[in-house]
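# Observations on the three-dimensional arrangement
One-letter residues, chain by chain:
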Amino acid sequence: MNCHNIQNLIDGYIDGGLDLVRNLEIEQHLQGCSTCVQIYQNRQALRTAIQTSSLYQKAPVPLQKRIQASLRQENQPRSILHMTPLRLLSVTAALLIAAIMIWSLINSLSVPSVNEPLVQAVLSSHIRSLMANHLVDVPSSDKHTVKPWFDGKLDYSPPVVDLAQQGFPLVGGRLDYLNDRPVAALVYKHRNHFINLFIWPSTSAPVSDGSMTTLTRQGYHLITWTRSGMTYWAISDLEESELQQFVQLVQHQITSSTSTFPHNLSPPSLLMVPIYRAHP
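Here is a short report on the structure shown in this document. (Residues numbered from 1 in each chain as written. Predicted model: local features only at pLDDT ≥ 70, side-chain atom pairs only at ≥ 80, totals over all residues. Heavy atoms only, no water.)

## A short note on helix α1 (residues 3-15)
Along its 13 residues, α1 runs 19 Å from first to last C-alpha, staying within 8% of the 18 Å computed at 1.5 Å per residue. Where α1 bends most, at Leu 9, the angle is about 45°. Two or three places before His 4, at the opening of α1, Asn 2 has a side-chain oxygen 3.2 Å from that residue's backbone nitrogen. Just downstream of α1, Gly 16 is the residue with a positive phi angle, here 75°. (Helix = DSSP H or I, 4+ residues; strand = E, 2+ residues; numbered from the N terminus. Expected span 1.5 Å × (residues − 1). Bend = angle between axes of the 7 residues up to and from the residue. Polar contact = N/O pair within 3.5 Å; in protein donor to acceptor, adjacent residues only side chain to side chain.)

## Considering the pairing of strand β7 (residues 230-236)
Extensive coverage of β7 is indicated by the burial of 7 of its 7 residues. Residues Met 230, Tyr 232, Ala 234 and Ser 236 of β7 are buried on one face, and the alternating residues Thr 231, Trp 233 and Ile 235, pointing to the opposite face, are buried as well. Both strand β4 (residues 193-201) and β7 contribute to a ladder of 6 bridges, which runs antiparallel. Bridging across to β7, Asn 196 finds its partner in Ile 235. (Buried < 20%, exposed > 50% of the residue type's maximum accessible area, 1.4 Å probe, protein only. Pairing = 2+ DSSP bridges.)

## Some details on the pairing of β4
The pairing of strand β3 (residues 181-190) with β4 spans 7 bridges and is classified as antiparallel. Bridged to Leu 186 within β4 is Leu 197. Here β3 folds back onto β4 in antiparallel fashion, the turn holding 2 residues, of which Arg 191 has a positive phi close to 55°.

## Some points on the sheet that holds β3
Two strands in a sheet stick together by hydrogen bonds in their backbones, pointing the same way (parallel) or opposite ways (antiparallel). Strand order in the open sheet formed by 7 strands is β1-β2-β3-β4-β7-β6-β5, with antiparallel pairing between adjacent strands. Across the chains shown, the open sheet's two edge strands, defined by having one partner strand only, are β1 (138-139) and β5 (213-217). Taken strand by strand, helix α8 (residues 240-257) contacts β3, β4, β5, β6 (220-227) and β7, and its axis lies near 20° from that of β6. (Contact = heavy atoms within 4.5 Å. Axes fitted to C-alpha atoms, helices over the stretch in contact; angles between N-to-C directions.)

## Considerations on α8
If you check α8, its first and last C-alpha atoms are 26 Å apart, about what 18 residues at 1.5 Å a residue would give, namely 26 Å. When α8 is considered as a whole, its buried residues turn out to be Glu 242, Leu 243, Phe 246, Val 247, Leu 249, Val 250, Gln 251, Ile 254 and Thr 255. Buried residues along α8 sit in contact with β3, β4, β6 and β7.

## Some details on unusual backbone geometry
With phi around 55°, Asn 179 is a residue other than glycine that occupies positive phi space. Structurally, Asn 179 can be placed in the loop between β2 (170-178) and β3. Of note in this structure, Asp 180 is not a glycine but carries a positive phi near 65°. With respect to the helices and strands, Asp 180 occurs in the loop between β2 and β3.

## Some remarks on the packing of α1 against helix α2 (residues 20-30)
Direction vectors running N to C along α1 and α2 enclose 120°, while the axes themselves pass 10 Å from each other. Comparing the axis directions of α1 and α2 gives the class oblique. For the element pair α1 and α2, the recorded crossing hand is left-handed. Of the residues in α2, those in contact with Cys 3, Ile 6, Leu 9 and Tyr 13 of α1 are Arg 22, Asn 23, Glu 25, Ile 26, Glu 27, His 29 and Leu 30. A breakdown of the residues in the contact of α1 with α2 according to their chemical character gives 6 nonpolar, 2 polar and 3 charged. (Parallel < 35°, antiparallel > 145°, perpendicular 65-115°, else oblique. Left-handed = near helix turned anticlockwise from the far one by under 90°. Nonpolar A, V, L, I, M, F, W, Y, C, P; charged D, E, K, R; others polar.)

## Some points on the nonpolar core
Core analysis: the largest hydrophobic core is formed by 42 residues, its most contacted members being Tyr 188, Leu 197, Phe 198, Trp 233 and Phe 246. Of all the secondary-structure elements, those providing two or more residues to this core are α6 (116-131), β2, β3, β4, β6, β7 and α8. Sorting elements by how many residues they give to this core places α8 first, with 6 residues. Ile 6, Ile 10, Tyr 13 and Leu 30 belong to the second-largest nonpolar core, a separate cluster that totals 10 residues. (Core = buried A, V, L, I, M, F, W, Y, C linked by side-chain atoms within 4.5 Å.)

## Observations concerning the packing of aromatic side chains
Under the counting rule described, the total for this entry stands at 5 aromatic pairs. Relative to Phe 150, the ring of Trp 149 has its centre 5.1 Å away and its plane inclined at 80°; by these criteria the two rings are edge-to-face. Judged by relative accessible area, which is 1%, Phe 150 ranks as buried. Both rings, one in Phe 168 and one in Phe 246, keep their centres 5.4 Å apart while their planes meet at 50°; by these two values the pair is tilted. With Phe 168 in the loop between α7 (143-149) and β2 and Phe 246 in helix α8, this pair connects stretches of sequence that are 78 residues apart. We note that Phe 168, like Phe 246, is buried. Above the plane of the ring of Trp 149 lies Lys 153, whose end atom (NZ or CZ) is 4.4 Å from the centre. (Phe/Tyr/Trp six-rings, centres within 6.5 Å; stacked < 30°, edge-to-face > 60°. Lys NZ or Arg CZ within 6 Å of the ring centre and 35° of its normal.)

Written out as structure tokens, the structure reads:
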């Protein structure tokens, strides 16, 4: 509000007939405008002199109510079409800030929570495997060699997939320790980049989910998901899109390999029965 508007409302401000918004605007203006402060003080002195003189007569209550109602109606907030450019800009900025805050809140609630200590443990295990010359315990590109190697070393059998034809050959596997338990670490390679795929049974996630959470820490990309009761963490310094491609290939291969069929049938008999694929 400018000085002209303030001076027109000074009397209503002194008499207490304005709304809260107008009172705050006038008080803020008076803090930085000596001219309006002087006018305010003059009006206050005049009001005090009139009240203490014999000429002052208090208005009847009905008249006071009509005057106050008239002042409130006059000082109602104007429509957006009548706002000054500066006022309109302030309102727009406030609405924009509110929208951003609401969007941030909704976005934060929609993103799955991440166990940051576990993220750091996965990151440390990956870096340690590259630096300590202990990338694999069983070096082999044959999944039929790597998968049986874990027998007796873990209380579960990790799925091992062969992605050599898709450009992600298997390098081998090793035992690692994450999430307060020994876990399987499968190592794949894409060009000169290594990928660690950590696998262990899930204890809290849904039995079959598959939705991915992507993170970035210290230049490494991490992707985690849960499927069929197993938790997976893939980490590499590959481009994020390439690591996502790797994860999608792994998910597809695991889904294909877990198609349900009668387990008491010998391999030749499998050709004689329909195979039902499990839903992701």
